[in-house]
Amino acid sequence: MAAHSPTPSSRRLESVDLLRGLVMVLMALDHVRDHLHRGAMTIDPTDLARTTPALFLTRWLTHICAPVFVFLAGTGAFLWGAKGRTKNELSRYLLTRGLWLVVLELTVVNWLWQMGVKIDFLIAQVIWALGWSMVVLAGLVRLPLPAIGAFGWWMILGHNLFDGVKSERLGPFGPLWTVLHVQAPIVWAPGHTLLIMYPLVPWIGVMAAGYAFGSWMVNEDPKRRRRIIAVGLVLIAVFAELRAYNFYGDPRPWTHHKDGLLTALSFLNCQKYPPSLLFLLMTLGPALVLLGLMDRGIPAFARPLTVFGRVPLFYYVVHLLLIVLLTIGFAIARYGSGVGQVFAKGPPPDYGYGLPVVYAVWVGVVVALYPVCRWYAGVKARRRSRLFSYL
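Counting starts from 1 at the beginning of each chain's written sequence and moves along it residue by residue. A pLDDT threshold of at least 70 governs which residues receive local features in this predicted model, and a stricter bar of 80 or more applies before side-chain atom pairs are shown or counted, although totals over entire chains, interfaces and linings include all residues. Side-chain metrics rest on all non-hydrogen atoms present in the structure, leaving aside hydrogens and water.

## Structural notes on the overall build of the protein chain
Part 1 of the argument: Per the secondary structure count, the protein chain includes 15 helices and 3 strands.
Part 2 of the argument: In terms of overall dimensions, the protein chain is globule-like: its C-alpha atoms have a radius of gyration of 21 Å, near the 21 Å expected for 391 residues.
Part 3 of the argument: With the C-alpha coordinates of the protein chain rotated into their principal frame, the extents come out at 70 × 50 × 45 Å.
Part 4 of the argument: Exposed residues in this analysis have more than 50% of their type's maximum accessible area, buried residues have under 20%, and partly exposed residues fall in between, with area computed by a 1.4 Å probe over protein chains only. Taking all 391 residues of the protein chain together, the buried fraction comes to 51%.
Part 5 of the argument: We call two residues contacting when some pair of their heavy atoms lies within 4.5 Å. Once local pairs closer than 6 in sequence are excluded, the contacts in the protein chain between residues at least 24 apart make up 74%.
Part 6 of the argument: Surface summary for the protein chain: the accessible area is close to 18300 Å², and the carbon and sulfur share equals 68%. Numbered from the N terminus, helices here are DSSP runs of H or I no shorter than four residues, and strands are runs of E no shorter than two. Here the radius of gyration uses the C-alpha set of atoms, whereas the globule reference equals 2.2 Å times the residue count to the power 0.38. For the accessible areas, the method is Shrake-Rupley and the probe is 1.4 Å, while residue cover comes only from the protein chains on display.

Here you go:
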């Protein structure tokens, strides 16, 4: 038999796994900072009046995580369907997995974030947005591919036109608009609140754009790499042009400061909740450039990242559990009591640690997770049960 290279429809694309693994590792940095950094519960790292350059850049570096996570989830859906599945099979899988993610967000993920089982106050974050985006994509996959791509990019490009629409002006439709486009709490029953941290627009569009992009990744055209890099550079250039003139794409214009560094940070300080057009251009552009560069082959030193990229949801849940356990351990060691008692009246004034400790704990978390994720990736590879595709 003639030797041949397997096509993307019959093997995983390592460049996609590598990029996804990279953003998963960066995500852990953000979450360690959330739990252990001094002032994390009182200081917004993007508030230029109170933050430091090191803290701002630590937070800004991790901005790439959510957009790439959602975009590559769409790409992964296309690649999954390209392995001989019918549209009906793909649609059913996206629908069931999306609903499963929503349930997971409102239960296990919330309990981990809040370090306790709570139902009176729930937070809808990235897994929530992923889940509902998959539910919508389950319907979109029946459309022609160009229509799916156009839907995604027009939502990304145009959603800031509706920034002026306020939920309180829409009467009974206000909560629906909050779910779609406003970061705000919804009181859905007496004493029960759902905090929408990740409104669904434009995340639905990001996933749809990622799904259409998947058609590039199954194409063995030698020009694929250059096309991906070119699109990434175009997105970066459009971001720089729109941001320079404060013309459109972000509700928070940048301003000049006496300090040149603060001016540069203001330029980069785009809105994440919901993600503005400029936020998405600023994050997806460099991500696509990285993907194009990695598409030529993966160096040996970067291969461990592909392990995390193959089991992203498993990594997400386990890394939260590990960070929560570390937070409890730090609280007991420092205050002699559990987290519930320590934070009963808000965080103590001296709670938390500096960025060097945050970075050291982050490295420890990633190193500790590697063998666990490698084991689970091996289990998924050996066992072809559909159940493993849900975690």
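## Overview of the packing of helix H1 (residues 14–36) against helix H12 (residues 303–310)
Part 1 of the argument: Only the stretch in contact is used when a helix axis is fitted, and all axes are lines through C-alpha atoms; the angle between N-to-C directions ranges over 0 to 180 degrees. One way to put it is that H1 packs onto H12 with a least axis distance of 6 Å and a crossing angle of 85°. The angle between the axes of H1 and H12 places the two elements in the roughly perpendicular class. Mapping the contact onto sequence places Glu 14, Asp 17, Leu 18, Arg 20, Gly 21, Leu 22, Met 24 and Val 25 in H1 and Arg 303, Leu 305, Thr 306, Phe 308, Gly 309 and Arg 310 in H12.
Part 2 of the argument: Each residue receives one of three labels: charged for Asp, Glu, Lys and Arg, nonpolar for Ala, Val, Leu, Ile, Met, Phe, Trp, Tyr, Cys and Pro, and polar for the others, Gly being one of them. Partitioned by chemical class, the residues of the contact of H1 with H12 number 6 nonpolar, 3 polar and 5 charged. To sort the angles, those under 35 degrees are grouped as roughly parallel, those over 145 as roughly antiparallel, those from 65 to 115 as roughly perpendicular, and the leftovers as oblique.

## Focus: the pairing of strand E2 (residues 184–189)
Part 1 of the argument: Inspection of the sheet shows E2 paired to strand E3 (residues 192–196) by 5 bridges, in the antiparallel sense. Bridging across to E3, Ile 186 finds its partner in Leu 194. Strands are treated as partners if at least two bridges between them are detected by DSSP.

## Some details on the packing of aromatic side chains
Part 1 of the argument: Side-chain rings of Phe, Tyr and Trp, where Trp is taken by its six-membered ring, are said to pair if the distance between their centres is within 6.5 Å; with planes under 30 degrees apart they count as stacked, over 60 as edge-to-face, and otherwise as tilted. Counted by the stated rule, this structure contains 16 aromatic pairs.
Part 2 of the argument: Consider the rings of Phe 78 and Tyr 211, whose centres lie 5.2 Å apart with planes at 75°: the pair is edge-to-face. Separated by 133 residues along the polypeptide, Phe 78 in helix H3 (residues 65–81) and Tyr 211 in helix H8 (residues 203–217) bring together distant segments of the chain.
Part 3 of the argument: Using a relative accessible area of 15% as the deciding quantity, one classes Phe 78 as buried.
Part 4 of the argument: Considering the side-chain rings of Phe 308 and Tyr 370, the 6.0 Å spacing of their centres and the 80° angle between planes classify their relative orientation as edge-to-face. With Phe 308 in helix H12 and Tyr 370 in helix H15 (residues 355–382), the pair connects residues that are 62 residues apart, well separated along the chain.
Part 5 of the argument: An aromatic cluster of at least three residues, connected via ring pairs, comprises Phe 71, Phe 213 and Trp 216.
Part 6 of the argument: Only Lys NZ and Arg CZ are tested; either one counts as a charge over a ring when it is within 6 Å of the ring centre and within 35 degrees of the ring normal. Between the NZ or CZ atom of Arg 85 and the centre of the ring of Trp 80, over which it lies, the distance is 4.0 Å.
Part 7 of the argument: A cation over a ring is seen here: Arg 227 above Trp 216, with NZ or CZ 4.0 Å from the ring centre.

## Quick notes on unusual backbone geometry
Trans is the common state for peptide bonds, and a negative phi is the common state for residues other than glycine.
Part 1 of the argument: Cis geometry is adopted by the peptide bond preceding Pro 202, which originates at Val 201 and carries an omega value of 10°.
Part 2 of the argument: When you line up the elements, Pro 202 lands in the loop between E3 and H8.
Part 3 of the argument: Between Tyr 273 and Pro 274 the backbone carries a cis peptide bond, its omega angle lying at -15°.
Part 4 of the argument: Along the chain, Pro 274 falls in the loop between helix H10 (260–268) and helix H11 (277–294).
Part 5 of the argument: The phi torsion at Met 115 lies on the positive side, around 55°, for a residue other than glycine.
Part 6 of the argument: Within the fold, Met 115 resides in the loop between helix H4 (87–113) and strand E1 (121–124).
Part 7 of the argument: In this structure, Asn 246 is a non-glycine residue whose phi angle is positive, near 50°.

## Description of the nonpolar core
Part 1 of the argument: Definition used in this section: a nonpolar core is a set of buried Ala, Val, Leu, Ile, Met, Phe, Trp, Tyr and Cys residues joined via side-chain atoms within 4.5 Å. Among the nonpolar cores identified, the biggest contains 112 residues, and Leu 137, Tyr 315 and Tyr 316 are the most heavily contacted of them.
Part 2 of the argument: The residues touching Tyr 316, leaving out its near neighbours within four places in the chain, are Met 24, Met 27, His 31, Val 109, Trp 113, Val 126 and Ile 127.

## Some words on the environment of Val 311
Part 1 of the argument: Mapping Val 311 onto the fold places it in the loop between H12 and helix H13 (312–335).
Part 2 of the argument: Considered as a pair, Val 311 and Val 25 are 286 residues apart in the sequence and their alpha carbons are 12 Å apart.
Part 3 of the argument: Among all residues touching Val 311, those that are not within four sequence positions of it are Cys 373, Tyr 376, Ala 377 and Lys 380.

## Details of the confidence of the model for the protein chain
Part 1 of the argument: Per-residue pLDDT for the protein chain averages 92, and the proportion of residues at 70 or more is 94%.
Part 2 of the argument: Each residue gets a pLDDT score, which is the predictor's confidence in that residue and runs from 0 to 100. Low pLDDT (under 50) marks residues 1–11, which in the prediction has 12 contacts with non-local residues, meaning those over four places away or in another chain.

## Considerations on helix H9 (residues 224–245)
Part 1 of the argument: The first and last C-alpha atoms of H9 sit 32 Å apart over 22 residues, in line with the 32 Å expected at 1.5 Å per residue.
Part 2 of the argument: Of all the positions in H9, only Arg 224, Ile 228, Ile 229, Gly 232, Leu 235, Phe 239, Leu 242 and Arg 243 are classed as buried. Looking straight down H9, one finds its buried side chains confined to an arc of 165°; they lie on one side. Opposite the buried face of H9, at more than 90 degrees from it, the exposed residues are Arg 226 and Tyr 245.
Part 3 of the argument: Lining the buried residues of H9 we find helix H6 (145–158), H8, H10 and H11.
Part 4 of the argument: Looking one or two residues past H9, Asn 246 carries a phi angle of roughly 50°, positive in sign. Expected helix span is taken as 1.5 Å per residue step, with the number of steps being one fewer than the number of residues. By definition, the arc is the one covered by directions from the helix axis to the C-beta atoms.

## A closer look at the sheet that holds E3
Part 1 of the argument: Strand order in the open sheet formed by 3 strands is E1-E3-E2, and the pairing between neighbours is mixed. Each end of this open sheet is capped by a strand with a single partner; those strands are E1 and E2. Taken pair by pair, the neighbouring strands of this sheet meet at an average axis angle of 25°, ignoring direction.
Part 2 of the argument: Here H4 sits on the sheet and contacts E1 and E3; the angle it forms with E1, its principal contact strand, is near 105°.

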